[in-house]
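Analysis of the macromolecular model
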Amino acid sequence: MKKSDIKALIDQMTLEEKVSLLTGANAWSTVEIPRLGIPSINLSDGPHGLRRCDGLGWGESVPATCFPPAVLLACSFDEELAKKQGMALGEEAQAQDVQIVLGPANNIKRSPLGGRCFEYCSEDPVLSGHISAGVIDGIQSKKVGTALKHFACNSQETERFVINEIIDERALREIYLASFEYPVKKAKPTSVMCAYNKVNGDYCSQHKWLLTDVLRNEWGFKGFVMSDWGAVDNRAQGVYAGLELEMPGTGEENKRELINAVNGERVSMHSADPKFKNKLTVFQINKAVMRLLEVVFALHEKKNGKLCDYSKHHKTAVEIARESMVLLKNNGVLPIKGGKTAVIGEMAVNPRYQGGGSSYVNAINVTKPLDAMSEYGEVEYAQGYSLDDDKDFDKINDAVKLAAGCDRAVIICGLPLSYESEGYDRTHMDLPENQLRLIDEVVRKQPNTVIVLCNGSPVAMPFVGKVNGILEAYLGGEGAGEAIADLLYGKVNPCGKLAESFPQYLEHNPSYGNFPGENGKVCYSEGIYVGYRWYEKHNIPTLFPFGFGLSYTAFRYDEIELSETEAGENDEITVTVTLSNTGDMDGKEIVQLYVKENSPRVSRPVKELKGFKKIWIKAGESEKVTFTLDRRCFAYWDDEIHDWRVDGGKFTVLVGGSSDNCPLSACVDIKAKEYFRPLTVHTTYSELKFHPKRESFIKEILSITGEEFKETLDNQPSDWPLRTMVSMCSTKITLANLVDIIDDINGK
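Residues numbered from 1 in each chain as written. Predicted model: local features only at pLDDT ≥ 70, side-chain atom pairs only at ≥ 80, totals over all residues. Heavy atoms only, no water.

On to the overall build of the chain. When you go through the chain residue by residue, the secondary structure sums to 22 helices and 27 strands. Here the C-alpha atoms of the chain give a radius of gyration of 29 Å, agreeing with the 27 Å that 2.2 N^0.38 yields for 748 residues. By its C-alpha atoms, the chain is 95 × 70 × 50 Å across when sized along the principal axes. If you take every contact in the chain between residues at least 6 apart in sequence, the share linking residues at least 24 apart comes to 76%. With an accessible surface of roughly 28700 Å², the chain has 48% of that area assigned to carbon and sulfur atoms. (Helix = DSSP H or I, 4+ residues; strand = E, 2+ residues; numbered from the N terminus. Rg over C-alpha atoms; globule rule 2.2 N^0.38 Å. Contact = heavy atoms within 4.5 Å. Areas by Shrake-Rupley, 256 points an atom, 1.4 Å probe, with all protein chains shown as cover.)

This is the structure we're talking about:
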């Protein structure tokens, strides 16, 4: 429907009808107005699989494919693979009459204890942004909408409805908002879902700076903003700030609040924004309705109800899991060749393949690791531990006996569903006690032991030096069993890389001591130093670094070339490297490019990820890999000018297979406009000495004090601020004179 036609419909509506459209009809649908031909559309949870259900969704949902959650998908470092998952999700949405899929979830992993880390991609905003953009592109290619969430800074579950996230401007821009910026600009999601929490004092549901100033005015977002379920604090202020749709339906109260705000009547809710006086205009209501209806009509017209091929989607889920699981250790025990394998662990027959909460999918076809492994060779099974009782050690002896009599043992273990879920955060990084004891006992009798981990976020690994192999399977979706077997037996060469750092100890994590906060607030005191940025800056060794992952073959990096060794800050630079497969098995390598400023004016990370590509190479062959770097790749956020800036100087471009292994490097000299802070009364004499406005400033001062004051100025202590000349250097100049001169020179 044309925009002019929608405007004509709005002109026919009563105020009551308009505000009714701005809240859900129920838990999962928008309001329809039959007399005007306005349809309803359906929404469904779905970061990694649809959860189409009635009520608030506590009952069983319609069966759907459970794809790998974002924690694993991001380890593919593959935007096109993410798009493939999105396309399958879009097809299932069309088949289930869903017009908007609530996802992807794109918050930064600030702490490994976050209860919802399994739904989020990465600790790095570049990787997170690209994976989410792929999912959005895929879903929307099937004429289904998306809701990029949770905007912004939903980094924990503890007190998530009320917690105040205190974050400095630079960290917001470089880390937490940057994760959303790329998918908003590149993939153009249909909608954005605001988070529950506050950011620097304002609830996200009524945060005008977030929802309008940044999302719409800076990034050019054209869709509508919806609330997370139950996230609205002040409904009228939400509309003022840029929140169009409140979910779920809340009955008449909030509709009445909107009507009262338009009519100038008393609004019961307080206002946190001093610019909002509990007053809305009809124009503001009409604008919100227009944004919503443009999407409603567009998506309703694209409904097709086509059936989808769930068996094909299961194969896609297996493929994505295989492309993403990460081989962390291999002392020659993998791939498995012949002999008898002891498969140990309840997760081998009762697999952990997804997280808990609103993203829980009623999976169609879950494969068990034990069944999949039995198709490759001789296996015997022992339970080893109970998922229901961490203190049950009775099953260990049988498992040890079985392992001792086999050629190898594969222990499939990890975090039970009760350990991590939406709604609460973890308090430690440990595996259950019975699993840890099982591993210790098995390794004593069977040194040829492999650990397969099924978990939604990093865990401590006291066994890392005792076992010969570790496969991080994360939560692999319904096809995890097949993917695990295919990787263990070498049908597929592992190629996943960690999308997050694994600290040696929880105390090493940058958020430690400031997570999950207290007294209703949490301070992000680590600033921009999240994940590998923190560990490298403070020289803290990790258990496994960001970007790490092994293969059954070997790769060599050679011959880095830059298109320019000197460039302006707005120039693009092409980086080319040669990658060779020096092993005897075809495989894929994820080539990672990082940028480092050699002598930064402000504190900056040791290096930052700026690009990545997954490359398939036959054994014995080589490939050229090319990247393009633009201005943003060298920039940082300057909270003094409130914008991205590049400081001129030398930068090093590093390329390799993980954040701590970049064998190739090359230097580029970036020419940028020299930066000088504006003059203030607090500018020191040492700053003034090299400031471009120095001569103008001194000329103005001497016009008041006389030329005899110049020698006094030249000999002031370097650390004194300019304001000291008023009290200590002259009786002829006042503070008002000084402020006027400085304002004039700064062009105010």
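Now that the structure has been shown, we can carry on.
The biggest cluster of nonpolar side chains holds 105 residues, and the ones touching the most others in it are M325, I344, M461 and L488. The biggest single contributor to this core is helix α16 (residues 480–488), with 6 residues. In contact with L488, other than residues within four places in its own chain, are L334, P335, I336, M373, V410, V450, V452, L471 and Y552. (Core = buried A, V, L, I, M, F, W, Y, C linked by side-chain atoms within 4.5 Å. Buried < 20%, exposed > 50% of the residue type's maximum accessible area, 1.4 Å probe, protein only.)

The next thing to look at is the pattern of salt bridges. Counted by the stated rule, this structure contains 52 salt bridges. The shortest N-O distance in the salt bridge between K7 and D11 comes to 3.5 Å. In this pair, K7 and D11 both sit in helix α1 (residues 3–12), 4 residues apart, roughly one turn of the helix. Under the relative-accessibility criterion, D11 is labelled exposed at 54%. We note a salt bridge from R533 to D124, for which the minimum N-O separation is 3.0 Å. (Salt bridge = Lys/Arg side-chain N within 4 Å of Asp/Glu carboxyl O.)

The subject of this paragraph is the packing of helix α4 (residues 79–95) against helix α12 (residues 310–324). As a packed pair, α4 and α12 sit with axes 10 Å apart at the nearest point and diverge in direction by 155 degrees. Accordingly, the angle class assigned to the pair α4 and α12 is roughly antiparallel. Here the hand of the crossing between α4 and α12 comes out left-handed. Here L81, K84, Q85, A88, E91, E92 and A95 of α4 come into contact with α12, specifically with Y310, H313, T316, E319, I320, E323 and S324. Grouping the amino acids of the contact of α4 with α12 by side-chain chemistry returns 5 nonpolar, 4 polar and 5 charged. (Axes fitted to C-alpha atoms, helices over the stretch in contact; angles between N-to-C directions. Parallel < 35°, antiparallel > 145°, perpendicular 65-115°, else oblique. Left-handed = near helix turned anticlockwise from the far one by under 90°. Nonpolar A, V, L, I, M, F, W, Y, C, P; charged D, E, K, R; others polar.)

On to the sheet that holds strand β3 (residues 145–151), then. In spatial order, the strands read β1-β2-β3-β5-β8; together these 5 strands make up an open sheet with parallel pairing. With one partner strand each, in any of the chains shown, β1 (43–45) and β8 (224–227) form the two edges of the open sheet. Ignoring which end each strand starts from, the neighbouring axes of this sheet average 30 degrees apart. One ladder, built from 3 bridges, connects β1 with strand β2 (residues 100–102); its direction is parallel. Opposite D45, over in β2, you have L102 as the bridge partner. Against the sheet, helix α11 (residues 282–301) makes contact with β2, β3 and β8, and its axis sits at roughly 95 degrees relative to β8, the strand it touches most. (Pairing = 2+ DSSP bridges.)

This part covers the sheet that holds strand β20 (residues 573–581). The sheet built from 3 strands is open, its strands ordered β18-β20-β23 with antiparallel pairing. Where the open sheet ends on each side, the last strands, each with one partner, are β18 (555–562) and β23 (622–629). Here the strands of the sheet are splayed against their neighbours by 25 degrees on average, with no regard to which way each runs.

On to the pairing of strand β12 (residues 408–414), then. Burial analysis of β12 places 7 of its 7 residues in the buried class, which makes it a mostly covered element. Two strands pair when backbone bridges link them, and strand β10 (residues 340–344) and β12 are joined in this way by 4 bridges, in the parallel orientation. Each residue of the ladder has a partner; that of I344, found in β12, is I411. Across 6 bridges, β12 lies against strand β13 (residues 449–454) in parallel orientation. Bridging across to β13, I412 finds its partner in V452. The parallel pair β12 and β13 is bridged by helix α15 (residues 433–445), and the resulting crossover is right-handed. (Right-handed = clockwise from strand over helix to strand, strands pointing away.)

Here we come to the side chain of N493. Following the sequence through the fold, N493 ends up in the loop between α16 and β15 (502–503). In this structure the side chain of N493 is engaged in a polar contact, spanning 3.0 Å, whose partner is the side chain of S551. At 2.8 Å, the side chain of N493 forms a polar contact with the backbone nitrogen of Y552. Setting aside residues no more than four positions away along its own chain, N493 makes contact with L487, S551, Y552, T553, M585, D586 and G587. (Polar contact = N/O pair within 3.5 Å; in protein donor to acceptor, adjacent residues only side chain to side chain.)

Attention now moves to the packing of aromatic side chains. For the coordinates displayed, the defined rule picks out 15 aromatic pairs. A ring pair is formed by F161 and Y196, whose centres lie 4.0 Å apart and whose planes are at 35 degrees; its orientation type is tilted. With a gap of 35 residues between them, F161 in the loop between β3 and β4 (164–166) and Y196 in the loop between β5 (191–194) and β6 (198–199) connect regions that are remote in the sequence. Its relative accessible area of 5% is what places Y196 among the buried residues. Aromatic pair Y532 and F546: ring centres 4.8 Å apart, planes at 25 degrees, arrangement stacked. With Y532 in helix α17 (residues 532–537) and F546 in the loop between β17 (542–544) and β18, the pair connects residues that are 14 residues apart, well separated along the chain. The same class applies to Y532 as to F546, namely buried. Each residue in the set F77, Y532, F546, Y594 and F612 is aromatic and connected to the rest through ring pairs, giving one cluster. The ring of Y524 carries the charged tip of R110 above its face, separated from the ring centre by 4.0 Å. Over the ring of F393 we find R437, and its NZ or CZ is 3.7 Å from the ring centre. (Phe/Tyr/Trp six-rings, centres within 6.5 Å; stacked < 30°, edge-to-face > 60°. Lys NZ or Arg CZ within 6 Å of the ring centre and 35° of its normal.)

Attention now moves to the side chain of T341. Relative to the elements of secondary structure, T341 occurs in strand β10. When neighbours within four sequence positions are excluded, T341 is seen to be in contact with I336, M373, E378, V379, E380, C406, R408, V410 and Y489.

With that out of the way, let us pick up the environment of A342. Locating A342 in the fold gives a position in strand β10. With a relative accessible area of 0%, A342 lands in the buried category. Residues A342 and L402 lie 60 residues apart in sequence; the distance between their C-alpha atoms is 6.3 Å. When residues no more than four places from it in sequence are discounted, the contact partners of A342 are E380, L402, A403, C406, R408, A409 and V410.

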